[in-house]
Structures are given as structure tokens and as C-alpha cells.
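Spelled out, the chains give:
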Amino acid sequence: MTKNYYNILGVNKKASKEEIKKAFRRLAHKHHPDKKGGNEVKFKEINEAYQVLSDDKKRTEYDSYGQVFGGSPFGDASGFDHSGFRGAGGGFEDIDLGDIFSEFFGGGRRSRVKRGRDISVDLKISFEESVFGTERKVLLNKISTCGTCQGSGAKTGTSLKKCEKCGGGGSVREMKRSIFGTFTSVVECGACQGAGEIPKEPCKECMGAGVLKKQEEVTIKIPAGIENGEMIRLSGGGEAIPRGVAGDLYIKIYVSTHPVFKRSGNDLLMNLNIKLTDALLGSEYAITTLDGNLKLKIPKGTLFGETLRIRGKGIPVGGKKRGDLLVKLNIKMPTKLSRKAEKLIKELGGEGV
């Protein structure tokens, strides 16, 4: 399901950049995981929403298609996209992160959101689909959140209880002996995976894990104008993980070649062979475009290699305007002439043509 980034930040679709930034600062203070009562999953959602809505290009794509396409927004193991924390020109250029987070860092070790594995798939589409956009359904065999317990691991109608092994702390002390002596370290509790809670009664479907391997059908919206080699990212479409957030699904698009058309930026290119007499005297040719058939007027005195422009028949730009169709004219010279044709050409030669 597509996330509503405006609802996540509590702003409307017409909100200005300043309003979006203020909403992010307020919610970041409230939900940061190192703050008492903070929420790691919620904080990740807020971060993700801000990165999209604070970037004009990403916001336009999101408003048009409900998601963001292209680019390489890979995050680290914590699930955060650090491209949003870049310097000048970046998503947080006007925000003093020290001002936001200083109250949370007391020199201690920061907890990290556990994140599932990312998945990448290749998808081949036709040239026409790349121009006009399409939808594809892909069947994936992956680790997903249990639909019965919704990832809690608990049997329906039951609740969670404090983990007995770690006492609810989520971590345990581990002692190891070596030739240098005994070392003690604090590690994540294996019984509750660091959550501090376990099901009173485990879910029968996933045996209390909260996740299980199954086939899942994913709908992929491919935007109009996508280029060969571009990557689409579906946040949360990767593998799930117990007591954590799902990874992302990355779809690399491969566009089939077309026998007639080639792409040049937002324009389409094609060649058209015309007769010598039509180049000299002018004519009209019926051509087939990706939008259907139309008639192209060849002006008198057309030169070899001349290009005619048909506006608005190219690649969609931003879901509104379109590029143009450029038709390169190749004058087809006759290889054999009849006696009558030779006579006429000689007469033209006498006229200085």
C-alpha cells in the first residue's frame, strides 16, 4: 500500500517547503528513538516522508504516481537514506541536525532499527510501455510479515509478555573466556531479538517469528517516460525481519528496442524515405506514430537529410507536456530510369535543374 507522506508529516498537499520542514522538526523531536517514548519505526517514516516532500523532483513524482522513481536512494543497514543528510543543495541543508538531536545523544551507543534484506529484480518492458507507462505484476518468493498475527508473533486474541531471558531489556551479558582472561559483552537477546517482549502464545502460522517465507504478488507502477536502465524503488517491498522494518524492492527497467523509433532525450526519432519528385514538388505522406496514423506534409524543395518536427508526439515530460517526433527525410534516388524518365530529366537539365 502506498504511504501517504502528507499524512505522516501532518500537512496538506499544498503545504510549502517551510511548513514541511517545521512539521519534520517537530515530529523528529517527538519520535526520535533515543528519546524516552520515541518510536524508531515512526521516525524512519518521518525521515522518508521529509526526503520526498522536501525535494521538488521527488515531490512531483510522488504527487503524480504515488511513489518516487529512478535514482539510487540506497540507505544503510538502519534503513535511513543518508543522501537526505548531504550538505549544500541536499534535503536537510536548512536544518541544524545538532539542534534537533543534541538532546538525544549523551555519548552512549545509539540503537539502530533492524532492517530486512533489500531485493532487486530485472523487468523488461516494450518501447511503447516505456513511453506511455504501464503496470506490471511480479510474483516474489520472499520473507514477508505474517498476515495472521500482523508481525507480532502472538496468537490472535493473545498479547505479548516480558522476555524472561533478558528481563525486558532486550540485551543480555555474555561471558567469553580466552587465554587473556574472561571478557563480558552486552549482546542482543536471542529469545526476543532485542524487543524485550515475546508472545504469551505463539502464532501457529509463523510459529511466533512474526515473519514467514511465502509467495507475494507485487504491483509495480512504471511511469511514462522511463528510460532504459532506470531503477524503481518500492519502499518496504523487500524482505521482512522479526521486530524490524522490511527492506526495499528495487526494479531495474530494461526497454526493448523499436524497429522504427529511437529516443533522444524527450524526443522520438524516425527515418522516412521519400521519392525525388516528392522532394522537389512537395507531397503528403501517411506515417504511423506511437499515437496512431497521421499525415505529414513534405514541403517543396526538401533537401536530403532534412528533419521535420511534429510537436507533442514524443516522450511525456513530468506527466504533462511531451517532447516532439523528429522525422528525418531520406530522398530515395532511382537506380533505373525508363527512356521517358531519362528524356524528362535531360529536359530539366536544360532548364538548369
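This text goes with the structure placed above it.
This section reports on the structure supplied with the text. (Residues numbered from 1 in each chain as written. Predicted model: local features only at pLDDT ≥ 70, side-chain atom pairs only at ≥ 80, totals over all residues. Heavy atoms only, no water.)

## With respect to the overall build of the chain
Then, number 1: Within the chain, the regular secondary structure consists of eight helices and 17 strands.
Then, number 2: The proportion of buried residues among the 353 residues of the chain is 36%.
Then, number 3: Within the chain, contacts between residues separated by at least 24 positions form 64% of all contacts whose residues are at least 6 apart in sequence.
Then, number 4: Only carbon and sulfur atoms are counted for the fraction: they give 50% of the accessible area of the chain, which is about 21200 Å². (Helix = DSSP H or I, 4+ residues; strand = E, 2+ residues; numbered from the N terminus. Buried < 20%, exposed > 50% of the residue type's maximum accessible area, 1.4 Å probe, protein only. Contact = heavy atoms within 4.5 Å. Areas by Shrake-Rupley, 256 points an atom, 1.4 Å probe, with all protein chains shown as cover.)

## Topic: the sheet that holds strand β8 (residues 231-234)
Then, number 1: One open sheet accounts for three strands, arranged β1-β9-β8; its pairing is mixed. The open sheet has two free edges, formed respectively by β1 (119-125) and β8, since each of these has just one partner strand. Shown here is a sheet whose adjacent strand axes are inclined to one another by a mean of 25 degrees, direction ignored. (Pairing = 2+ DSSP bridges. Axes fitted to C-alpha atoms, helices over the stretch in contact; angles between N-to-C directions.)

## Structural notes on the pattern of salt bridges
Note on pairing: side chains with opposite charge can pair once their charged atoms come close.
Then, number 1: Across all of its chains, the model carries 18 salt bridges by this definition.
Then, number 2: For Lys3, the salt bridge goes to Glu48, with nearest N and O atoms at 3.5 Å. Of this pair, Lys3 sits in the segment before α1 (5-9) while Glu48 sits in helix α3 (residues 40-53), placing them 45 residues apart in sequence.
Then, number 3: Residue Lys3 is classed as partly exposed on the basis of its relative accessible area of 27%.
Then, number 4: Judged by its relative accessible area of 7%, Glu48 is buried.
Then, number 5: The partner of Lys21 in a salt bridge is Glu18, with the nearest N and O atoms 3.6 Å apart. Here the residue Lys21 and the residue Glu18 both occupy positions in helix α2 (residues 17-31), the gap between them amounting to three residues, near one helical turn.
Then, number 6: Of the residues examined, Glu18 reaches a relative accessible area of 41% and is grouped as partly exposed.
Then, number 7: Connected via shared salt-bridge partners are Arg115, Asp118, Arg233 and Asp248. (Salt bridge = Lys/Arg side-chain N within 4 Å of Asp/Glu carboxyl O.)

## Points about the packing of aromatic side chains
Then, number 1: Within the structure shown, the criterion is met by three aromatic pairs.
Then, number 2: Of the aromatic side chains, those joined through ring pairs into one cluster are Tyr5, Tyr6 and Tyr62. (Phe/Tyr/Trp six-rings, centres within 6.5 Å; stacked < 30°, edge-to-face > 60°.)

## Side note on the sheet that holds strand β10 (residues 262-264)
Then, number 1: Here we have four strands laid out as an open sheet, ordered β10-β11-β17-β14, and mixed in their pairing. Each of the sheet's edge strands pairs with one partner strand only, and the pair in question is β10 and β14 (307-310). Ignoring strand direction, the axes of neighbouring strands in this sheet form an average angle of 35 degrees.
Then, number 2: Of the strand pairs in this sheet, β10 and strand β11 (residues 267-275) are connected by three bridges, and their pairing is antiparallel. Paired with Lys262 across the strands is Leu269, a residue of β11.

## A closer look at the nonpolar core
Then, number 1: Within the largest apolar cluster, 36 residues are counted, with the highest numbers of intra-cluster contacts made by Ile220, Ile251, Ile253, Leu272 and Val327.
Then, number 2: Once you skip the residues sitting within four places of it in the chain, Leu272 turns out to touch Tyr285, Ile287, Leu296, Ile298, Val327, Lys328, Leu329 and Asn330.
Then, number 3: With 19 residues, the next largest nonpolar core counts Leu9, Ala15, Ala23 and Ile46 among its residues. (Core = buried A, V, L, I, M, F, W, Y, C linked by side-chain atoms within 4.5 Å.)

## Side note on unusual backbone geometry
Most peptide bonds adopt trans geometry, and most residues besides glycine take a negative phi value.
Then, number 1: Even without a glycine there, the phi angle at Gln193 is positive, about 55 degrees.
Then, number 2: In this structure, Met207 takes a positive phi of about 60 degrees despite not being glycine.
Then, number 3: When you line up the elements, Met207 lands in the loop between β6 (197-199) and β7 (211-222).
Then, number 4: Taking relative accessible area as the criterion, Met207 reaches 67% and is therefore assigned exposed.

## Topic: the state of the cysteines
Then, number 1: Under the definition given, this model contains zero disulfides.
Then, number 2: With no disulfide of its own, Cys163 lies 3.7 Å from the sulfur of Cys166, the closest cysteine sulfur.
Then, number 3: The buried category is assigned to Cys163, whose relative accessible area is 1%. (Disulfide = S-S within 2.5 Å.)

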